[in-house]
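A structural walkthrough
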Amino acid sequence: MKQYAGTRQCGDGSEGLSWKKCKCGNDLCIDVGDCIRDGEFEWFASIHCNKCGEALEMDGRGIFDLPCEIQQEIINQDGEWGLYSKCSELQISFALKNILHEPINNIFEEKNFIFKGTRSQVQWLLFKLVEKGIKKEHLEIRPHIL
């Protein structure tokens with residue numbers, strides 16, 4: 001099994017992320033992920049206790065509906081990704097307004113930088129920008145390192 005920063009082995013040998021304590025006092029294990037399915041961004045979290053069997057599953061859609069704790073766990077596993085553009089700020093801002101219907105804070109805080117998040121969040125936004133007429137060759141996804 002691959003070990004990531006912030007992960008630990010669960011009592012039954014499965015790999016999970018310690019997120020919170022269970023009612024029984026044992027560490028809860030969490031498995032998280034996100035993907036793009038049929039053009040929609042989706043995420044999931046599965047939380048369980050290896051001691052008492054308490055379990056909870058969550059899922060959702062939308063890059064801004066992803067709870068920040070789950071997003072951070074995905075980033076801990078897969079890294080943080082950034083979307084960069086060679087287009088004008090005005091062109092990108094207009095397209096984003098039509099896609100998201102809400103503003104993104106700190107757009108273009110770095111040169112050519114649009115958005116950072118999980119790899120799937122960034123890929124979904126790239127696909128949507130291309131659908132709105134931004135040329136794919138003017139967009140780039142790469143690890144986001146400050």
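Reading the values: rules and limits
- Within each chain, residue numbers correspond to sequence positions counted from 1 in written order.
- Note on the predicted model: pLDDT of at least 70 is required for a residue's local features to be given, and 80 or more for side-chain atom pairs to be given and counted; whole-chain, interface and lining totals, by contrast, use all residues.
- For the side-chain quantities, the full set of heavy atoms in the structure was used; hydrogens and water were omitted.
- At least two DSSP bridges between two strands are required for those strands to pair.
- We count a stretch as a helix when DSSP gives it H or I for four or more residues in a row; a strand needs E for two or more, and each element gets its number in order from the N terminus.
- In this description, a line fitted to the C-alpha atoms serves as the axis of each element, helices being fitted only across the stretch in contact, and the angle between N-to-C directions of two axes falls anywhere from 0 to 180 degrees.
- The criterion used for residue contact is that any of the two residues' heavy atoms lie within 4.5 Å.
- Only protein chains enter the calculation, and the probe is 1.4 Å; a residue is then buried if its accessible area is under 20% of its type maximum, exposed if over 50%, and partly exposed in between.
- Residue-level confidence of the predictor, termed pLDDT, takes values from 0 up to 100.
- What makes a nonpolar core is a set of buried Ala, Val, Leu, Ile, Met, Phe, Trp, Tyr and Cys residues whose side-chain atoms join them at distances within 4.5 Å.

Let's shift gears to the pairing of strand 3 (residues 27-37). Across 10 bridges, strand 3 lies against strand 4 (residues 40-49) in antiparallel orientation. In the strand pairing of strand 4, glycine 33 is matched with phenylalanine 44. Hairpin connection, strand 3 to strand 4: the antiparallel pair is bridged by two residues, and aspartate 38 has positive phi, about 55°.

For sheets, the rule is that strands pair by backbone hydrogen bonds, running either parallel or antiparallel. Strand order in this open sheet of three strands is 7-6-8, and the pairing throughout is antiparallel. The open sheet has two free edges, formed respectively by strand 7 (113-117) and strand 8 (139-143), since each of these has just one partner strand. Mean inter-strand twist for the sheet, computed between neighbouring axes without regard to direction, equals 20°. The sheet contact formed by strand 6 (residues 81-85) and strand 7 spans four bridges and is antiparallel. Directly across from tyrosine 84, in strand 7, lies its bridge partner phenylalanine 113. Those strands touched by helix 3 (residues 119-131) are strand 6, strand 7 and strand 8, and its axis lies near 140° from that of strand 7.

For the rest of this paragraph, the subject is unusual backbone geometry. One non-glycine residue, aspartate 38, adopts positive backbone phi at about 55°. Mapping aspartate 38 onto the fold places it in the loop between strand 3 and strand 4. The class for aspartate 38 is exposed, based on a relative accessible area of 78%.

We now examine the confidence of the model for the protein chain. With 82% of its residues at a pLDDT of 70 or more, the protein chain shows a mean pLDDT of 83. Every residue in residues 1-18 scores below 50 in pLDDT, and together they form 45 contacts with partners more than four places removed in sequence or on other chains.

What follows deals with the nonpolar core. In this structure, Leu83, Ile114, Leu125, Leu129 and Leu139 are the most contacted members of the largest nonpolar core, which totals 30 residues. Broken down by secondary-structure element, the contributors of at least two residues to this core are strand 3, strand 4, helix 1 (68-78), strand 6, helix 2 (89-100), strand 7 and helix 3.

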